[in-house]
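# Report on the structure
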Amino acid sequence: MSECEPHPYSNLIEGLKDGQIKFFNPQKLDDPRYDKLPLSIRVLLEAAIRNCDGFYTKEEDVENILDWQQQQNKAEVVFTPARVLLQDFTGIPAMVDLAAMRDAVAKHGVDPSLVNPKCPTDLVVDHSLQIDYSKCAIQNTPNPGGGVGSNHSQNPSRPAPSRPLSRGSQCGGQQGSCSKAACSDLPASSGRPGGSVQQIENTPLLCPFHLQPVSETETALKNQEMELSRNKERLQFFKWCSNAFKNVNVVPPDVGAVHQVNLEHLSRVVQVTDGFIYPDSVVGTDSHTTMVNGLGILGWGVGGIESEAVMLGQPVPLALPQVVGCKLVGSINPLTTSIDIVLGITKHLRQAAIAGRFVEFFGPGVSQLSAPDRTTIANMCPEYNATVSFFPIDQVTLKHFKKTNFSQEKLDLMESYLKAVKIFRSYEDPSEDPQYSEVIEINLSSMVPQVSGPKRPQDRVAVSSMKEDFQSCLDEKVGFKGFHISKEKQDIRIPFLHCGEEYQLVHGSVVIASVISCTNNCNPSAMLTAGLLAKKAVEAGLVVRPYIQTSLAPGVGMVTHYLNTSGVLPYFSQLGFEVIGYGCATCVGNTSPLPEPVVDAIKQGDLVACGVLSGNRHFEGRLCACVRANYLASPPLVVAYALAGTVAINFEQEPLGVTSEGKEVYLRDIWPSREEVRETEEDTIISSIFKDLRQRIEKGNMFWSNIECPDSVVFPWDHKSTYIRSPSFFSKLSKEVPAPQSIENAHVLLFLGNNVTTDHISPAGSIARVSAAAKYLLSKRLTPREFNSYGARRGNDAVMTRGTFASIKLQNRFIGKAGPKTLHIPSGQTVDVFEAAERYQKEGIPLIILAGKDYGSGNSRDWVAKGPYLLGVRAVIAESFEKLHKNQLVGMGIMPLQFLPEQNADSLGLSGKEKFTLAMPDSLSPRQQLTVKTSDGKSFGVTAMFDSEIDVIIFRHGGHLRYVARTFL
């Protein structure tokens, strides 16, 4: 569609805000099929309507999507996302190609500043930080114990550390010092009863072991210095990109992980461009891209080549997906945590055959899930092989965004638009339910709280059956669950003295209780529930028995952040759960010794004592040699069992404890409701996290500000650089599209078998010292220690080309054994693949590859087609191709040719040492049959695996990069 032609769907345009904002309204199609479409498919349809140009996106695509009920899993359609998300490892080759394209058009007298991504692109620099400096490992501090703070003086029954943790400069003048090297760079709170509760941005930096202020963030600063030194060239290039390119937003280092920034800052729900509003959507090179589907933003992960194509204006091709409706019904059990729900839903979906399909949630149960719950479920897509897990936007989503970075004006506009196009819904109204390919119903009330144990994580026990299950463990023979305690010894009680008071231990007594958040960081509700439970327990007058070894391991400083911000950290401390540091402790057996009277009592009665923790490892004897029964539980259940002092309890029928006034307190009396947790989470934690992230992005940091970069329209390549190099994709770029070039007397570079994966083709991992890439780096006077990895050198085509087909697992039939070697046919020598290709190029000999079935299977990789192109490969002849890789070959101007049915290299008697000629017709068409002739007189038919006229056009241009470059010429 030319610029002067009207848009084919201009009749669908409507206005909002008195016509100031326009949008395409699919409802104006007046087609009853629209109201039956899943909402995720409606997003695909809107994008097809808005981007219909007659070239990439055609009216046929719109009709196929509208006719989804009949065309699902049949029709091929395209999707143009609203934006692209890159992390720095996958982002650098894409940006290097754009910089090289500017050079190419400048040579033709065209203004290079015109070259920019067509699709808005966010590049988050989060993969360049390495941990060169850190606090001392917790393994080196055998008895952290929570430090010697004021809490111990107020409650002398709590055990204190047996010795100082380390020696060095004093932390805040406290007893038991720690060196600055032992101090974390993560903020925390004092954790003392009665301590002030501070907002996240004002929380002081604390030593994680003594919870006293530290003078400076030495660890973070030193790691940043190393990051700058190691990645200086890459970071300078990224900063140049942020200044030079339009439509590119670079999020600098030290802001956050790419999925966190995407979820908390970049996601917009709706986009407004050139006066038009439309749904936000994204494809990204980060594996956690699918998290945004929990916010009603359609998005999934793609490879580097696919993301680069989208940046340059090409939509994502996909088979119109089936959509499985996941109906959530029932009410959530009050004791069930968000983690229980996420894992329960994941388990159900894993058992269903939904690979490659969309999952869309509906039903009245969805409203009970918070926005963080939904994003956590959406993040689990790889666990059940779905493409996306989509939660359409509702009032819960809007309330979440109200607490983040959205103004009321934007929220009103968003709601008006989404309702106008029916991409907003009420889960309680079944009349809004669309039709799905299949419906899976999950009853949330069936997801009861569970623990794992007493010896293996796979042995799940419902909390309601815990007392009976533990009794059966005592009865059973010694095995995976049993302890074989005789009946006459099961009721034994062993008295002992602790800190001058008498206590009793029995079978099932809890002696270790550790709240650990290492597996609960993505969703704060679990830890927050535990904190609110601790608060209510303290307010009800409950205490934890002082001989129980309690600890709180937040995992990362952000957890301490939000526990402090919500005001629950002091209550944890009052129950004895004090922050012990940031690292693996209880799970790996790094617990301080139990009090001797406790150990003696356990041994005297041969008791099955118990440990309860919210970590991920709990094998028998792992926590402590004398603690035989260990249970994994959610953080709030750890607190509950610590209060009860035993695992042999029925929470419904038995009280947790008795107050000093003699009042019985049951778990139901103090368990926080989901509404209370959600309100605290949204009002306090979420808003603080988003505010902190926004401030860090807006303020920037000295680290990024101090990086110098060139101020130029074209990038000044440093020819000495071994990280950033201008690739040769645009060499000899002509203004006119060249006539089709036949392949004459080509040699076979590689003779491959079945199931050649992208791992075999594309460079990955470390650079072997005897490889072609290593020889190149040695020639640049680098030592093997400085080689780094192929991933770090993705911006250098010389390294990546030499690493193509360098896999030690490559099975080349010319060689007869695995390895990155091939036969240089004219000389008969066995050499590196790159060396052979280099010789052929000097001799002016074109190259092809022979392969078997499923060529190019596996994950998408950046250089899986770029590498063969630069090696001089003109065509790949295979029995079959993995579809995604076939598209990648076309996108780089390499011809994918498929043997005719029932034919292959063996049936045709090909040795691979022949010369091959393919006469290229003046006009190519999709799936056209061509003839290949060999130097020994054979000829055979092949099919040109072009799926559409677009594929043919891209191939004739020599690939997508050259096609886009010519649009500027």
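Note that this is a predicted model, so its numbers are computed, not measured. (Residues numbered from 1 in each chain as written. Predicted model: local features only at pLDDT ≥ 70, side-chain atom pairs only at ≥ 80, totals over all residues. Heavy atoms only, no water.)

This part takes up the overall build of the protein chain. Along its length, the protein chain carries 31 helices and 34 strands. When burial is assessed residue by residue, the protein chain has 58% of its 969 residues classed as buried. Within the protein chain, residue pairs in contact and separated by at least 24 positions form 73% of the contacts whose partners lie at least 6 positions apart. In the form shown here, the protein chain has an accessible surface area of approximately 38600 Å², with 48% of it arising from carbon and sulfur atoms. (Helix = DSSP H or I, 4+ residues; strand = E, 2+ residues; numbered from the N terminus. Buried < 20%, exposed > 50% of the residue type's maximum accessible area, 1.4 Å probe, protein only. Contact = heavy atoms within 4.5 Å. Areas by Shrake-Rupley, 256 points an atom, 1.4 Å probe, with all protein chains shown as cover.)

Let us now look at the side chain of D797. Assignment of secondary structure puts D797 in helix 26 (residues 797-803). A relative accessible area of 5% places D797 in the buried class. Here the side chain of D797 touches R725 through a polar contact of 2.9 Å, side chain to side chain. (Polar contact = N/O pair within 3.5 Å; in protein donor to acceptor, adjacent residues only side chain to side chain.)

Within the fold, E654 resides in the loop between helix 20 (635-644) and strand 24 (657-658). Sequence spacing of E654 and L667 is 13 residues, and the spatial spacing of their C-alpha atoms is 8.7 Å. In contact with E654, other than residues within four places in its own chain, are K467, A648, I649 and Y666. A polar contact of 2.9 Å, which involves the side chain of E654, links it to the side chain of K467.

Further remarks concern the pattern of salt bridges. A side chain of one charge can pair with a side chain of the opposite charge when the charged atoms of the two come close. Per the stated rule, a full pass over the model turns up 32 salt bridges. Of the charged contacts, one joins E46 and R50 as a salt bridge, the two residues approaching to 2.9 Å between their closest N and O atoms. Here R50 and E46 lie together in helix 1 (residues 39-50), a separation of 4 residues that amounts to about one turn. Neither E46 nor R50 differs from the other in exposure class; each is buried. Across the pair K821 and D832 runs a salt bridge, and its minimum N-O distance is 2.7 Å. Here the residue K821 occupies a position in strand 27 (residues 821-824), and D832 occupies one in strand 28 (residues 829-832), the gap between them amounting to 11 residues. Its relative accessible area of 34% is what places K821 among the partly exposed residues. For D832, a relative accessible area of 8% gives the class buried. A single salt-bridge network, built from bridges that share partners, covers D31, R33, E63 and D67. (Salt bridge = Lys/Arg side-chain N within 4 Å of Asp/Glu carboxyl O.)

Attention now goes to the sheet that holds strand 34 (residues 939-944). A barrel is described by the order of its strands in space; here 7 strands give the closed sequence 26-29-30-31-34-33-32, paired in mixed fashion. Across this sheet, the average inter-strand angle for adjacent strands is 40°, counted without regard to direction. Pairing analysis gives 2 bridges linking strand 26 (residues 743-751) to strand 32 (residues 916-918), with the strands arranged antiparallel. Bridged to I743 within strand 32 is L918. With respect to the sheet, helix 27 (residues 833-842) is in contact with strand 26 and strand 29 (847-850), its orientation differing from that of strand 26 by roughly 170°. (Pairing = 2+ DSSP bridges. Axes fitted to C-alpha atoms, helices over the stretch in contact; angles between N-to-C directions.)

Before going further, it helps to examine the pairing of strand 33 (residues 929-934). The side-chain alternation of strand 33 yields one buried face, formed by L930, V932 and T934, and one unburied face, formed by Q929, T931 and K933. Of the strand pairs in this sheet, strand 32 and strand 33 are connected by 3 bridges, and their pairing is antiparallel. When the bridges of strand 33 are listed, T917 appears paired with K933. Sheet topology places strand 33 next to strand 34; 5 bridges connect them, and they run antiparallel. The partner of T931 across the bridge, within strand 34, is G941. Joining the antiparallel neighbours strand 33 and strand 34 is a turn of 4 residues, in which G937 adopts a positive phi near 95°.

We now examine the nonpolar core. Across soluble globular proteins, you tend to see nonpolar side chains buried next to one another. Judged by nonpolar contacts, the single largest core of 184 residues is most densely connected at F237, W300, L749, F805, Y855 and M895. Examining the composition of this core, we find that 10 residues originate from one element, helix 4 (residues 88-107), more than from any other. Once you skip the residues sitting within four places of it in the chain, Y855 turns out to touch L752, V756, I761, F805, I849, V876, A878, S880, F881, E882, H885 and L889. The next biggest cluster of nonpolar side chains, apart from the first, holds 73 residues, and it includes L563, L569, F572 and A601. (Core = buried A, V, L, I, M, F, W, Y, C linked by side-chain atoms within 4.5 Å.)

We now examine helix 7 (residues 232-244). Here helix 7 spans 18 Å end to end across 13 residues, near enough to the 18 Å set by a 1.5 Å rise per residue. All of the buried residues in helix 7 are R234, L235, F237, F238, K239, W240, C241 and A244. (Expected span 1.5 Å × (residues − 1).)

Moving on: helix 16 (residues 525-539). Spanning 15 residues, helix 16 covers 21 Å between terminal C-alpha atoms, matching the ideal 21 Å at 1.5 Å per step. Taken as a whole, helix 16 has its buried residues at S525, A526, M527, L528, T529, A530, G531, L532, L533, A534 and A537. Looking one or two residues beyond helix 16, the residue adopting positive phi is G541, at roughly 90°.

Looking now at the side chain of K866. Within the secondary structure, K866 is located in helix 28 (residues 863-871). A distance of 2.6 Å separates polar atoms of two side chains, one belonging to K866 and the other to D97. At a separation of 3.0 Å, a polar atom in the side chain of K866 contacts the side chain of E308. Setting aside residues no more than four positions away along its own chain, K866 makes contact with P93, D97, E308, F729 and M892.

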